[in-house]
Amino acid sequence: MSPNPRRLVPDLVILAAAVGLFFVFPYDLAFLTRILIMVVFVLSLDLVLGYAGIATLGHAAMYGTGAYAAGLFAIHVSADPLLGLAAGAVAGAAIAAVSGLIMMRAHGLTLLMLSIAVAQVLQEVANKARPVTGGADGLRGIRMEPVLGIWEFDFIGRTGYWYAFTVMALVLVMLKVVVASPFGLSARGIHESPARMRAIGTPVYARLVAIYTLAGGIAGVAGALAAQVTSLVSLEVYSFEHSAEAVIMLVLGGTGRLYGAVLGVALFMTVEHLAAAVDPFNWLFIIGALVLGVVFFVPAGLMGVPGALARLGRGR
Amino acid sequence: MSGLEVNGLNKSFGGLTVCKDVTFELGPGDRKALIGPNGAGKTTLANLITGIAPPSSGTIRLDGRDLRGLREPQRVRAGIAKTFQITTLFKRLTVRENIRLGVSERKRQGLKLLRRADGDRATEAEVAELMHQFRLTRHADTTVENLAYGQQRLIEMALTLALHPRILILDEPAAGVPTSENHLIVEAIERLPKDLAVLIIEHDMQLVFKVARSIIVLVNGAILTEGTPREISRDRQVRDLYLGAGHG
Amino acid sequence: MGTILNILVDGVAYGMILFMISVGLSVTMGLMRVINLAHGGFAMLGGAFVHYFGAVLGLPFVAAAAVAIALVVLLSVPMERVLYRSIYRMGELQQVLATIGITFLMIASVNLWLGSSLLPIRLPDSWTGIVDLGFRSLPMHRLIVICVGLAIMAALYLLVEGTRFGIRLRAAVDNRATASALGIDTGRVFALTFGLGAGLAALGGILGAELLPIDAYYPLRYMVLFLIVVAVGGMGSIAGSFLAALALGILQQAVLYLVPDFGTIFFFCCVIALLALRPQGLSGRV
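Residues numbered from 1 in each chain as written. Chains lettered and ligands numbered in written order. Predicted model: local features only at pLDDT ≥ 70, side-chain atom pairs only at ≥ 80, totals over all residues.

Undergrad: Tell me about the UniProt feature "transmembrane region" (unreviewed entry) in chain C, and name the residues and values.
TA: Using the residue numbers shown here, the UniProt feature "transmembrane region" (unreviewed entry) corresponds to residues 12–32, 52–75, 96–119, 139–160, 189–212, 224–248 and 255–277 of chain C. Along residues 52–75 of chain C one finds 83% helix and 0% strand; the C-alpha atoms at either end are 16 Å apart. (UniProt positions renumbered as here; feature names shortened; annotations may be inferred. Helix = DSSP H or I, 4+ residues; strand = E, 2+ residues; numbered from the N terminus.)

See below:
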C-alpha cells in the first residue's frame, strides 16, 4: 500500500483553517484554543465510543484528572509544558486503567451509571481536597515556562494557540495510525460483536481496558493542555455537562471516523459561542433541537451527510 | 492420544439434565456429525466443549491435556474453534477485514498499535488464501451485511479456520441457507484441511450423509448410538426416534 | 438511637420519593429497552405546574396537584407517540442523545416560562406540623410521603398482579415479540405505561419538592440519582425499584448524618461497588 496523497486532503484543510483563523480572528485566539483542546478530548472519546462502542457519560473523569495532574505538576515539580503534558497523560491513563477494571465488565445502563459515578466521585474528591486542589475556588498559580524553552506563553494566546494546535495535530496523526492498526481493528471488532471476538480467542475485557486506558491518556493530555493554557483548573473539568457535551459534539460530527470529532467540536462550539453571546438561557433550546435533529435526521453525523446525499442521488 | 476426548460429560441446570454421561473421541482427519432432535442437547454439548459453559462433571481433553478451567478464548488458542449457528460476524466490516481480524488475533497482534493492520505481508497472504479457498475473493471488499446468507456462512467458516484450529466445530453450517445454495456449504466442508478434526452439528440429514464419515446420535442429552452413515441409516432405533419423526 | 430513627424516617421518606419518580422509568426502560434520561423532566413539570397553579393562581394544594399530574400525563402520552416511538428503535448511544435533547428542551421551556429561580411549592398548613405517635413524634410531611409511597407500591402490585393490563404488561416486559404475537397491543401497553410512569414521577416531584427542590435545572441535576435507582434496582422491576429506592434513600440520609463532609463520595462509592458486584441490579427483571 503506497500512501495515497488524497488521504491527506482533510489534514491539509485543517492546517489551512488553523492558519487562516489565526490571521482572521487574532483576538479570538483564546476561544479557538478552547476548540482545539476540546478536539483532543473528543478524539479520545471517539476511540472509546466511536471505535470500541463503549457508551460512556463520564469521559471528563480522565480529562479532569489530567488537568489537575498537570496543574499540580507545574506548581510543585516542573513548569515545563511538555513534561506537564506527560504528567497529564500518565494521570489520565492511570485513572482510566483503574476505573476501566470496574467498568469494562458492565454494559448499557450500568456502564453509563458507573462512568458518571466515577467522574462524580473524582469531582467531589477534588472539591474536598481543598488544601491541594483549591476546592471550589479552583487550582490557581499555574505558571508555565516557555515551550521547549523558546516560545513564551503570551497574553493574546498566540503561543497557546499553536501549542494546542501542534498537540491536536499529533494526537490526530497518532490516532489515525492506531485506528488503522490491528489494535484498532480489534476495537471495531469488539464494537460489532463482543461474543464473536471471544470466539476468535480475544480476551475482550482486557482489550477493552487497554483501549480505555489509551483513550484516558489522550483525554489526560487534553486536560493538561487546558490547565497549561488557561493557568486554571476548576471543578467543572469533571462535570457531567462536560462529558455529555463531548458525546453530543462527537455524534454531531459523526462517530468512528476521527474527522467527525474535529467537525463536530468546531461546529458545536461556534454555534454555542454565537448563541450564548446573544441569549445564554435560550441556548438550551438550540442545543436540544440540534441534538434531536441530528439523531433523527442525520444519525451518522455531519460526516455521514455526503454519503447520504450520494445514496439519495443514486436513488437508493 | 491426539485429538479430542470427551469422557463422562454431564451437565444439569437446576433439576434438568441436558447432558448425560457423554463420551466420544474426535481425532485428526475425522468428519463426525452430531445429530439429534431439537432439544437433544447438541448446542449445550458444543458450549461445554468450547468453554462457554462449565460441565457439572466429566472431562474434556485435547491431546491428553485436561481443559478444565480454561475459558473460551484460552480454548480457542489451545486449538478448539466453533462456527456459530446464527451468524455473529462483524457485519459492518468487509469480508477481508473479518478474516484479517481472525488471523491477526490468532497471531496475537491485537495489541500492536503502530503498524497498519493491512501491512503485514504474511497475514495478507493468509487472508487472500482463505478467501480463495472459500470462493470469497470476489466479495473481498464488500461489507458482510450486504452479502447473501450462504456467503455469510462461508465467511463464518473462513474466519474460524483463520484461527488454525485442530478441532473445528461447525454448528448448523447450513442453517438459514436456501437448499439451492447447500452445495456451496458441502463443497466448503470437503475442501477443509485433511488433517483437521471436524465435528458437524446439523439438522439437514442430506448434508450430514454427504459429508460425515461417522455419526453420533444424541437424544435427551445422552448418546443413543454412534456409527457410520450406513449403520445409522439402518438403525431401527434411530429411524423411530429421529428420522421417522423428522422425515415422516 | 435518636439519630438512627431520624436517619430511618428521613431515609424512608426520601426513598419513597425516589421510588415514585423512578418506578415508571424502570418499567419503561425494561419494557421498551430504551435508555431514557428525560424522565426527571416529568417530575419537574409536576412541581412547576403545582407552583404555578398554587403560588400564582392561588389554587388549593390538592387541587393544584391533581390538575398538575393530569396535565403531565396528558403531555407525556403524545410525547411517547410522537418522539419515543422512534427512539425505541435507535441504538443505545442515539437513545442517550435523543433523551438528553428532550431534557434540554424541557429545561429551556420551563426556564422560559417561569425563569431559572427556585419554584417553591406551598404545602397545606396541616402538612407542616408534627405528629405525635406516642413513642416518638414525626414531621407530618414525612409521614404523608411514606404512606403515599406504600399505597402506590400496593396499588402497583395489585395492578401488575391482578389486572388484565398487568398480565399484558408482564408479558410485554418478558418478551415483546411473543406478546405481540399473542395479540397484545404492545403499542397501547407502552403508551399507558409511559403515561402512568410520568404521572407517578409528577406526584413524586410534587411531594418531594421539600427534599429535591424544583427549578428549571431539576431534570439535569437529579438525572443521575433517578437513573441510579433504576440501575441498582434492575431495569423493568417494580419490586427492585422499591428496594433500591429505599436502600439508596436510607444510604443517602445516613451519609448525610454520619459523614456529612464526605457524603457524596461515600454515596457514589457505595453505588460503584454495588454495580460492580451486581451489574444486572438487585433483581434482574419483574
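Anyway, onward from the coordinates.
Undergrad: I'd like a rundown of the pairing of strand E1 (residues 4–13) of chain B, residues and numbers included.
TA: Side-chain direction in a regular strand flips from residue to residue, so the side chains alternate between the two faces of the sheet. Residue and element names in this part refer to chain B. Pairing of E1 with strand E2 (residues 16–26), which is carried by seven bridges, proceeds in the antiparallel orientation. Considered in E2, the bridge of Leu4 is made with Leu26. Turn length for the E1-E2 hairpin, with the two strands adjacent in sequence and antiparallel, is two residues, and the turn residue Gly14 shows positive phi of about 60 degrees. (Pairing = 2+ DSSP bridges.)

Undergrad: Lay out the arrangement of the chains with the relevant residues and their values.
TA: The chain pair with the greatest number of contacts, out of two pairs of chains in contact, is formed by chains A and C. Looking at chain B next to chain C, you find no contact at all, with the nearest C-alpha pair sitting 15 Å apart. (Contact = placed C-beta atoms within 7 Å.)

Undergrad: Hey, could you go over the packing of helix H3 (residues 95–106) of chain B against helix H4 (residues 121–133) of chain B for me, with residue numbers and the actual values?
TA: Residue and element names in this part refer to chain B. Two numbers describe how H3 lies on H4: the axes approach to 9 Å, and their chain directions differ by 125 degrees. Considered as vectors, H3 and H4 are oriented oblique to each other. Crossing handedness for the pair H3 and H4: right-handed. Here H3 contributes Val95, Arg96, Ile99, Arg100, Val103 and Ser104 to the contact with H4, which in turn contributes Thr123, Glu126, Val127, Leu130 and Met131. Its residues assigned to classes, the contact of H3 with H4 shows six nonpolar, two polar and three charged. (Axes fitted to C-alpha atoms, helices over the stretch in contact; angles between N-to-C directions. Parallel < 35°, antiparallel > 145°, perpendicular 65-115°, else oblique. Left-handed = near helix turned anticlockwise from the far one by under 90°. Nonpolar A, V, L, I, M, F, W, Y, C, P; charged D, E, K, R; others polar.)

Undergrad: With reference to specific residues and values, describe the sheet that holds strand E5 (residues 65–66) of chain B.
TA: Residues and elements named next belong to chain B. Reading across from one edge, E2-E1-E4-E5 is the order of the four strands in this open sheet, with antiparallel pairing throughout. The strands lining the two open edges of the sheet, one partner per strand, are E2 and E5. Examined bridge by bridge, strand E4 (residues 57–62) and E5 share two bridges and lie antiparallel to one another. The partner of Leu62 across the bridge, within E5, is Arg65.

Undergrad: If you had to explain the confidence of the model for chain B to someone new, which residues and values would you point to?
TA: Looking at chain B as a whole, the pLDDT averages 88, with 96% of positions reaching at least 70. Within chain B, helix H9 (residues 236–247) of chain B has the poorest average pLDDT of any element, 66, and strand E8 (residues 197–201) of chain B the best, 94. (pLDDT = per-residue confidence, 0-100.)

Undergrad: Please give an account of the nonpolar core that cites residues and values.
TA: The nonpolar side chains of soluble globular proteins are, as a tendency, buried together. With 277 residues, the main nonpolar core has Val39(A), Val40(A), Val42(A), Ala158(B) and Ala202(C) as its most contacted residues. For Ala202(C), the residues in contact, after removing those within four places along its chain, are Phe42(C), Ala43(C), Leu45(C), Gly46(C), Ala68(C), Ile69(C) and Val72(C). (Core = buried A, V, L, I, M, F, W, Y, C linked by C-beta atoms within 7 Å. Buried ≥ 20, exposed ≤ 12 C-beta atoms within 10 Å, placed from the backbone.)

Undergrad: If you had to explain the interface of chain A and chain C to someone new, which residues and values would you point to?
TA: Facing the 34 residues of chain A at the interface are 35 residues of chain C. Put simply, the parts of the chain that give the side of chain A that touches chain C at least two residues each are helix H5 (108–128), helix H11 (240–253) and helix H13 (283–297) of chain A. In terms of residue count, H5(A) provides more of the side of chain A that touches chain C than any other element does, 13 residues in total. The class makeup of the residues in the side of chain A that touches chain C is 26 nonpolar, five polar and three charged.

Undergrad: Can you break down the interface of chain A and chain B residue by residue, with the values?
TA: Listed as interface residues are 24 residues of chain A and, on the opposing side, 31 residues of chain B. Mapped by element, the contributors of at least two residues to the side of chain A that touches chain B are helix H7 (158–179), helix H8 (182–192), helix H9 (194–199) and helix H10 (204–230) of chain A. Grouping the amino acids of the side of chain A that touches chain B by side-chain chemistry returns twelve nonpolar, seven polar and five charged.

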